[in-house]
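# Topology and contacts: notes
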Amino acid sequence: MDKTRLSLFLNNIPKTTLKRAYFIKLAVFMPLTVLLIFFVHYISYTNQMNNLIVKQGAVLEFTKVSIEKELSFLINDANYVKDISEIRTYVKDNRDDNKRLLEARLLDFARDRKIYDQIRVLDMSGYEVIRINQSTPLSYVIARESELQYKGDRYYYEQAVGLEAERVLFSEFDLNIEKGVIEVPNKPVIRISTGLYNDEGEQIGVIVLNYLGSHLFEQMNTKIMSDEAFNIVLINREGFYLNHEDPELNWGFMVDNNNTKKVDNASLFEVITNQESGSLISDGMTYIFDGVSIKNSNYRNNESVYWYLVSESHRHFFDYINFRSFILANILTLIIVMLVLLMLSKRQVSKAYMESMYGLIYMGIEKSPAVFVLTDENGDILYVNEKFEAITGYSYEEVVNENPRILKSGDMSEEDYKNMWETISTGRIWEGEIHNKRKDGSYYWANISISCIKSKLGKVTHYLAVQEDVTERKMLRESLEELTKTDDLTHIFNKRYLSQIIDEESFNEVGDVYTLMMFDIDYFKVVNDKY
């Protein structure tokens, strides 16, 4: 069946079926059209809400990864500082010249990184031994002996004492305090502390890096694409803002004793305190949050989450919908629905009818008394029908992605196989008989027709083989041929076949001598018929 006849067959839909389907859908869709308008409204609202949530979540995750990556660099810096050769030398011998070498090395490190406000080395009594100060955003100086301070009562020092050698301690994210007063202008800092140990494993001091939090905020603002729909803020575990777009709301735990500058959504803060990450829709606003933490580090009282990133939408969801445009769009939708309804029945019925016809064609192949084998362009099997399984003994699962060579008996020469593939690969049909082998090792004869299937561009994409088991027919034909040549009792060539051979052979060769003998037994027919 060519494409034209196949198309006519598949599109030959009974007219009564089309009419019945049309009137049924007309009766159903007319009253549903009004409901469709509200449904479109709901879909528009839901899609915008979901898109906002997806975008919020993606930007939040990207920001979290960026922050945690930046904090991981701080761990590397702390480990680097405590392992530099000058500090190892100073640990062994704290002479002044070794101290000066260490100060110079730490000064070079601070100038190179440009992200630290201070770098300090404290002894086990809590006093600063060395301190590198940032004097301007691009310059650093070594603190004089008279400027060194006692820090033994600070929590970041106390918690660093006894800290495991391979771990790093992160402090609160807060404002820097100098001589008991919050530094002005405000300077957000994170203190990274790690223990300093001698060769015997005894802790002899603490290294503290004062990381400038403004650098982290700059990293966040650079990596987060501005979006008028939502904002991402960093809050601590108590719910206080650290980098809200409104500066007056930040650092409430240090400058506001009334706790009025926490996250203003009580439901959100309750959810945050009970889980590390999640989302909340409250009063038409979306909030997505995720905890920030770093491996191989400690935070306060061994808490797992350091801070929270919160993405909060700027506007109410309903603000996203332009109702005038919405009404006009729905009127247009109503008109389109009325027009499309005239075509909908035919399209749906045509599809259902075509699917049923394709199913009918498929079942015709699947239940066919002939074997069908479909392969890809490399000859690997993609489909076999039930008759294939019945004849060969192989199941579909056993032969899929295999080559039909698994049926090869060895009787057909390689030259014949080569001629067969040359025929079908050029678009011609190959027909013939092949001696195949079943799964159980027995053999059968198959009458096979193989053709190729081409794409619209003329490239061979598949091969289709249709075969019929002719073993019994071939055996019957050979038996009949045998009966015409031999006596059925003695299986010796009969007189007629002997005469045929004599006629076909040449006895005129000079020098050759032939002898022909014939024996005749009287009444042998009686004996033959009886026994």
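Above: the structure in question.
What comes next is a walk through the structure. Model, not experiment: these values are computed from the prediction.

### Notes on the overall build of the chain
Along the chain, the regular secondary structure elements total 15 helices and 18 strands. Looking at the 531 residues of the chain, the share that counts as buried comes to 39%. Counting contacts in the chain only where the partners sit at least 6 residues apart, residues at least 24 apart contribute 55% of the total. Summed over all atoms, the accessible surface of the chain reaches about 32,100 Å², with 56% contributed by carbon and sulfur.

### A closer look at the environment of His-462
The topology assignment puts His-462 in strand E18 (residues 460–469). Given the relative accessible area of 27%, His-462 is considered partly exposed. Excluding its chain neighbours within four sequence positions, the residues that come into contact with His-462 are Leu-374, Thr-375, Asp-376, Glu-377, Leu-382, Cys-452 and Ile-453.

### Here we look at helix H4 (residues 96–113)
With 18 residues, H4 ought to run about 26 Å at 1.5 Å a step, and its terminal C-alpha atoms sit 26 Å apart, in line with that. At the C-terminal side of H4, Lys-114 shows a positive phi close to 60°.

### Here we look at the sheet that holds strand E13 (residues 307–313)
The four strands are arranged E9-E13-E11-E10 in an open sheet whose pairing can be described as antiparallel. Of all strands in the sheet, those bounded by a partner on one side alone are strand E9 (230–236) and strand E10 (277–282). Across the sheet, the mean angle separating the axes of adjacent strands is 20° when strand polarity is ignored. Pairing geometry for strand E11 (residues 285–292) and E13, over six bridges, is antiparallel. Opposite Tyr-287, over in E13, you have Glu-312 as the bridge partner. Each of E9, E10, E11 and E13 touches helix H8 (residues 266–274); the most contacted strand, E11, lies at about 30° to it.

### Describing the pattern of salt bridges
Pairing of side chains with opposite charge becomes possible as their charged atoms draw close. The full count for this structure, using the stated rule, is 21 salt bridges. Here Arg-100 ties to Glu-103 by a salt bridge, and the two come within 3.5 Å at their closest N and O atoms. Taken as a pair, Arg-100 and Glu-103 lie in helix H4 at a separation of three residues, close to a single helical turn. Residue Arg-191 pairs with Asp-174 through a salt bridge whose shortest N-O separation is 2.9 Å.

### Here we look at the side chain of Lys-64
Within the element layout of this structure, Lys-64 appears in helix H2 (residues 15–83). Those residues in contact with Lys-64 that sit more than four places away from it in its chain are Asp-290, Gly-291 and Leu-309.

### What to know about unusual backbone geometry
A cis amide bond, omega -5°, links Val-184 with the succeeding residue Pro-185. By the secondary structure assignment, Pro-185 is in the loop between strand E6 (181–182) and strand E7 (188–197). Although it is not a glycine, Lys-114 adopts a positive phi angle of roughly 60°. Take Lys-114: it is sitting in the loop between H4 and strand E1 (116–123). Although it is not a glycine, Trp-251 sits at a positive phi angle of roughly 60°.

### Some details on the sheet that holds strand E17 (residues 443–454)
To summarise the sheet geometry, strands pair through backbone hydrogen bonds and adopt either a parallel or an antiparallel arrangement. Spatially, five strands are ordered E15-E14-E18-E17-E16 in an open sheet, and the strand pairing comes out antiparallel. Unpaired on one side and paired on the other, strand E15 (381–384) and strand E16 (430–437) mark the two borders of the sheet. Each strand of the sheet is rotated relative to its neighbour by a mean of 30°, with strand direction disregarded. As paired elements, strand E14 (residues 371–376) and E15 share three bridges and run antiparallel to each other. If you follow Thr-375 over to E15, its bridge partner there is Ile-381.

### Structural notes on the nonpolar core
In terms of nonpolar packing, the biggest core is built from 50 residues, with Leu-71, Leu-106, Phe-170, Phe-173, Ile-192 and Trp-307 touching the most fellow members. Tallying contributions element by element places H2 first for this core, with nine residues. Tyr-417, Trp-430, Cys-452 and Ala-465 belong to the second largest nonpolar core, which has 23 residues in total.

### A word on the packing of aromatic side chains
Any two aromatic rings considered together are summarised by their centre-to-centre distance and by the angle between their planes. Evaluated as defined, the whole model comprises 12 aromatic pairs. With a centroid separation of 5.3 Å and 90° between ring planes, the pair formed by Trp-421 and Tyr-463 is classed as edge-to-face. Remark: Tyr-463 occurs in strand E18 and Trp-421 occurs in helix H12 (residues 414–425); sequence separation between them is 42 residues. What makes Tyr-463 buried here is its relative accessible area of 7%. In textbook terms, an aromatic cluster arises when at least three aromatic residues are bridged by ring pairs, as seen for Phe-173, Phe-217, Phe-240, Trp-251, Phe-253 and Trp-307.

### Let's talk about the pairing of strand E4 (residues 168–175)
Where burial is concerned, most of E4 is hidden: eight out of the eight residues are buried. Sheet topology note: the E4/E7 ladder contains five bridges and is antiparallel. Pairing of Phe-173 across the sheet is with Ile-190, part of E7.

### Things to note about the environment of Glu-238
When you line up the elements, Glu-238 lands in the loop between E9 and helix H7 (252–255). On a C-alpha basis, the gap between Glu-238 and Val-263 in space is 9.1 Å, while along the polypeptide they are 25 residues apart.

Quick notes on the rules
- Residues numbered from 1 in each chain as written.
- Predicted model: local features only at pLDDT ≥ 70, side-chain atom pairs only at ≥ 80, totals over all residues.
- Heavy atoms only, no water.
- Helix = DSSP H or I, 4+ residues; strand = E, 2+ residues; numbered from the N terminus.
- Buried < 20%, exposed > 50% of the residue type's maximum accessible area, 1.4 Å probe, protein only.
- Contact = heavy atoms within 4.5 Å.
- Areas by Shrake-Rupley, 256 points an atom, 1.4 Å probe, with all protein chains shown as cover.
- Expected span 1.5 Å × (residues − 1).
- Pairing = 2+ DSSP bridges.
- Axes fitted to C-alpha atoms, helices over the stretch in contact; angles between N-to-C directions.
- Salt bridge = Lys/Arg side-chain N within 4 Å of Asp/Glu carboxyl O.
- Core = buried A, V, L, I, M, F, W, Y, C linked by side-chain atoms within 4.5 Å.
- Phe/Tyr/Trp six-rings, centres within 6.5 Å; stacked < 30°, edge-to-face > 60°.

Everything listed here is a matter of geometry and, on its own, says nothing about what the molecule does.
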